[in-house]
Number of protein chains: 2
Amino acid sequence: MRPASFELPMDVLRTRQNAKWARFGPEILPAWVAEMDFSIAYPIRRAIDRLVGEQEFGYPFRAGGGHGDDGLAGAFARRMRARFGWEVDPALVQPLSDLVQGTFAAVWAFSEPGDGVLLHLPAYPPFHAAIHDTGRRLDAQQLRSDGSTYVLDLDEMRGIGDARTRILMLCNPQNPTGRVFTRDELLAMGQMAIARDWIIISDEIHSDLVYDGHAHIPIASLSPEIAARTVTITSATKGFNIPGLRCGAMHFGTAALRERFHARVPSRVLGAPGIVGIEATIAAWDQGQPWLDEVVPYLDANRQRLAAFLKAELPGIRFHAPEATYLCWLDCSDLGLPGKAADFFQERARVAFSPGEAFDPANDRAVRFNFATSAPILERILGRMAEAVRSNMR
Amino acid sequence: MRPASFELPMDVLRTRQNAKWARFGPEILPAWVAEMDFSIAYPIRRAIDRLVGEQEFGYPFRAGGGHGDDGLAGAFARRMRARFGWEVDPALVQPLSDLVQGTFAAVWAFSEPGDGVLLHLPAYPPFHAAIHDTGRRLDAQQLRSDGSTYVLDLDEMRGIGDARTRILMLCNPQNPTGRVFTRDELLAMGQMAIARDWIIISDEIHSDLVYDGHAHIPIASLSPEIAARTVTITSATKGFNIPGLRCGAMHFGTAALRERFHARVPSRVLGAPGIVGIEATIAAWDQGQPWLDEVVPYLDANRQRLAAFLKAELPGIRFHAPEATYLCWLDCSDLGLPGKAADFFQERARVAFSPGEAFDPANDRAVRFNFATSAPILERILGRMAEAVRSNMR
């Protein structure tokens, strides 16, 4: 197979000053932090080239009027309409530098210290931090394997927490399991939020990366009643591979919700994304889809290769192919590893995964695998994994 | 005189998508928002070109270890030592997206609604907003002209506010008067802060742009006792003309002060600057001084031309040449203008200044003049001003 135009070869990747490739030594193949080993979409490069070529580094003002931030809100609204048929008022959009900022700010605004935040585990580590660092209480619910997928037990969920539970911190598509919650699941969670007066903080940053057979639904799009209590947080930085540019958006379902937020967190405490992040995001959302239409099938091929390899060579690893994202959860509890799974693979396979215990403190025998790399590098990672596991079993 | 290498001609400026040139129509010459009509320093361009050329848009990781943020803190410490002989611990630096964010966050962290914030007027409009929008009380003190400069009356200052005054919001060099506070003034303010248990929020963003005969002194550098209650906020974006890139730094005088801040404002609520802003700032602070060494004398020549012109042609405008910054305060109270000074100059001179009332609600007969443009454009602005004032007097 011919390489895809966006594949980056190993010698280029090895020279990078990004966390993924630079943190570990040259003996390690990195499959951890959530960025892709791919070059970025042409419309984004062109937007950045224009800024740089013309030295447009002043206070931004876009043609047609308005600050850079307004341009971002408009592009968010166009993207939501085009991708999800969701009509959004740009006036309800708050620019962010990143998703973690939005999560912390929303937890802070919509709860008090000691209040409970419902979170499905395993979960992206900064969500744990947003609960712990602000003195909130983790109301955890485990996503459990039924042998073919990770199941959200809605009946169990209704029993989680108590009257002090104030927030449902939803991650959809879910990181690290790759679950895409269905309309029925989302409706059930929305109804729970209404019944128990929760605010929903919905991280939808992976919604650009959904595989055939699944569809992303913004939970706020389901009904005005759900929207009225939902803060949707997203960013082009994940799907379009520009995390270092730091730009995201936070959408409030109603003006009342936005005002309740800003009464606690003045907008200017959040700062503002830089012009390069803003223009790159607008280009991504308005013009980046053709690139994504090539990247997602490539990721899908990696996903299928990974699934087939694990089934054939490493059947002891509990694994369900993700429905979205280039991330997946490998539960290695049955492998009899001598220590933490991430340490094992780093030392014995020379592959760096994200450690499971950062996502679920109770499971240090799991890792999160980022398979957004070129097919040849994926093969090397898989080969090293299998060899390490086999040598451990001998 | 030959044009300076960094001058940008009018036809280039007119095509820009920045607020300064794009907000008003082509009939207007802009002398308002604080950016310079100059191209940026070569080391900054080179740093940005490298990022863009190599598509370094991942999660940053600098050679030698550490995240981008750590690189920023180190560059801040090197800059403070090199320019001001001030030894700073990089661990006490919090990255910001902009100065306004830092100001809001510090007001929020170190005072309660209803508490007083001492501010010298006229003052940069976001400082008013940081007090008003957070429900704090403005304890204002006027900087008054003594006929040759704007005077800070320290005896009067000792009588401002009451026991609920919690913060001195200092701007040094001062925007919009261009005052550079002397060591004696700063010491006196520092002693007041100790005696009355104030936190000092010191905006020092204009400290790169100080004219001969004056010297910037970071107030936190004066003594450990003053540092222990001082938050210093600065950025390369002003002196190096890259405001759209959004990157700044906030320094806490002690670890205890930093912890007191973070107990109220978790670091991640502040987000993080993008990689382009970070790398541009590091290049500016580490390698940008030769560019600044050419720009400041150019601004000084503009400043002297402006002073001579006003004295000769517009003696009715009360004006004192700034000691720093490319900004100055024109008090037009004696001109007998028919309305607000900014409106008058925009309509009659087709020059856009920043309106005085945004800096001092009691003075709509003043404007802030940004003279950071090329000498030919400055001449056109001055000519238009003089003609408008003369035609008003006829």
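Draft legend 1. Seen up close, the overall build of chain A. For chain A, the count of helices and strands is 15 helices and 14 strands. Radius of gyration (C-alpha) of chain A: 21 Å, near the 21 Å computed for a compact globule of 394 residues. In terms of overall dimensions, chain A has C-alpha extents of about 65 × 55 × 35 Å along its principal axes. Residues classed as buried in chain A amount to 55% of the 394 residues present. Counted over contacts in chain A with a minimum sequence separation of 6, partners at least 24 positions apart contribute 72%.

Draft legend 2. Main features of the sheet that holds strand β11 (residues 327-331) of chain A. Residues and elements named next belong to chain A. Across the sheet, which stays open at both edges, the 3 strands sit in the order β11-β14-β13 with antiparallel pairing between neighbours. Pairing within the sheet leaves two strands with one partner each, and these edge strands are β11 and β13 (354-355). In this structure, β11 lies alongside strand β14 (residues 366-370), joined through 5 bridges in antiparallel fashion. Within β14, the residue paired with Leu327 across the bridge is Asn370. Seen against the sheet, helix α14 (residues 341-349) touches β13 and β14 and runs at an angle of roughly 60° to β14.

Draft legend 3. Quick peek at the domain arrangement of chain A. All names here are of chain A. Domain annotation for chain A reports domain 1 (10-30 + 289-389) and domain 2 (47-287). Each of domain 1 and domain 2 was reduced to a C-alpha centroid, and the two centroids are 26 Å apart. Between domain 1 and domain 2, the contact holds 21 residues from the first and 24 residues from the second. Elements with a contribution of two residues or more to the side of domain 1 that touches domain 2: α13 (289-313) and β11. Per-class residue counts for the side of domain 1 that touches domain 2 are 11 nonpolar, 4 polar and 6 charged.

Draft legend 4. How the structure looks around helix α6 (residues 125-132) of chain B. Residue and element names in this part refer to chain B. Of the positions making up α6, those classed as buried are Phe127, His128, Ala130 and Ile131. Viewed along the axis of α6, the buried residues span an arc of 160°, placing them on a single side of the element. Contact partners of the buried residues in α6: α5 (99-110), β3 (116-121), β4 (137-142) and β7 (165-171).

Draft legend 5. Molecular detail of the sheet that holds strand β11 (residues 327-331) of chain B. Residue and element names in this part refer to chain B. Spatially, the 3 strands line up as an open sheet ordered β11-β14-β13, and their pairing is antiparallel. The open sheet has two free edges, formed respectively by β11 and β13 (354-355), since each of these has just one partner strand. Note that β13 and strand β14 (residues 366-370) share 2 bridges and pair antiparallel. Following the sheet pairing, Pro355 is matched in β14 by Val367.

Draft legend 6. Main features of the packing of helix α3 (residues 42-53) of chain A against helix α3 (residues 42-53) of chain B. In the contact formed by α3(A) and α3(B), the axes pass within 11 Å of each other and the chain directions differ by 165°. The pairing of α3(A) with α3(B) is recorded here as roughly antiparallel in orientation. Between α3(A) and α3(B) lies a crossing of left-handed hand. Contacts between α3(A) and α3(B) involve Ile48(A), Asp49(A) and Val52(A) on the former and, on the latter, Ile48(B), Asp49(B) and Val52(B). For the contact of α3(A) with α3(B), the residue count by class is 4 nonpolar, no polar and 2 charged.

Draft legend 7. Region of the structure containing the environment of Asp334(A). All names here are of chain A. Along the chain, Asp334 falls in the loop between β11 and α14. Measuring from C-alpha to C-alpha, the distance between Asp334 and Gly161 comes to 31 Å, with 173 residues separating the pair along the chain. In contact with Asp334, not counting residues within four places along its chain, are Gly316 and Arg318.

Draft legend 8. Spatial organisation of the pairing of β11(B). Counting buried residues along β11(B), 5 of its 5 residues qualify, which places the element largely inside the surrounding structure. Neither face of β11(B) is open: one carries Leu327(B), Trp329(B) and Asp331(B), the other Cys328(B) and Leu330(B), and all of them are buried.

Draft legend 9. Up close: the packing of α3(A) against helix α12 (residues 275-287) of chain A. Residues and elements named next belong to chain A. Relative to each other, α3 and α12 sit at 145°, their axes nearing to 8 Å. Here α3 runs over α12; the crossing is right-handed. Counted together, Pro43, Ile44, Ala47, Ile48 and Leu51 of α3 and Ile275, Val276, Glu279, Ala280, Ala283, Ala284 and Gln287 of α12 form the full contact between these two elements. Residues belonging to the contact of α3 with α12 are distributed by class as follows: 10 nonpolar, 1 polar and 1 charged.

Draft legend 10. Examining the interface of chain B and chain A more closely. In this assembly, 49 residues from chain B lie in contact with 49 residues from chain A. Only α2 (19-22), α3, α5 and α12 (275-287) of chain B provide two or more residues apiece to the side of chain B that touches chain A. Ranked by residues supplied to the side of chain B that touches chain A, first place goes to α5(B) with 5 residues. Its residues placed into classes, the side of chain B that touches chain A shows 26 nonpolar, 12 polar and 11 charged.

The rules behind each value
- Residues numbered from 1 in each chain as written.
- Chains lettered and ligands numbered in written order.
- Predicted model: local features only at pLDDT ≥ 70, side-chain atom pairs only at ≥ 80, totals over all residues.
- Helix = DSSP H or I, 4+ residues; strand = E, 2+ residues; numbered from the N terminus.
- Rg over C-alpha atoms; globule rule 2.2 N^0.38 Å.
- Buried ≥ 20, exposed ≤ 12 C-beta atoms within 10 Å, placed from the backbone.
- Contact = placed C-beta atoms within 7 Å.
- Pairing = 2+ DSSP bridges.
- Axes fitted to C-alpha atoms, helices over the stretch in contact; angles between N-to-C directions.
- Domains from an automatic or database assignment.
- Nonpolar A, V, L, I, M, F, W, Y, C, P; charged D, E, K, R; others polar.
- Arc of directions from axis to C-beta.
- Parallel < 35°, antiparallel > 145°, perpendicular 65-115°, else oblique.
- Left-handed = near helix turned anticlockwise from the far one by under 90°.

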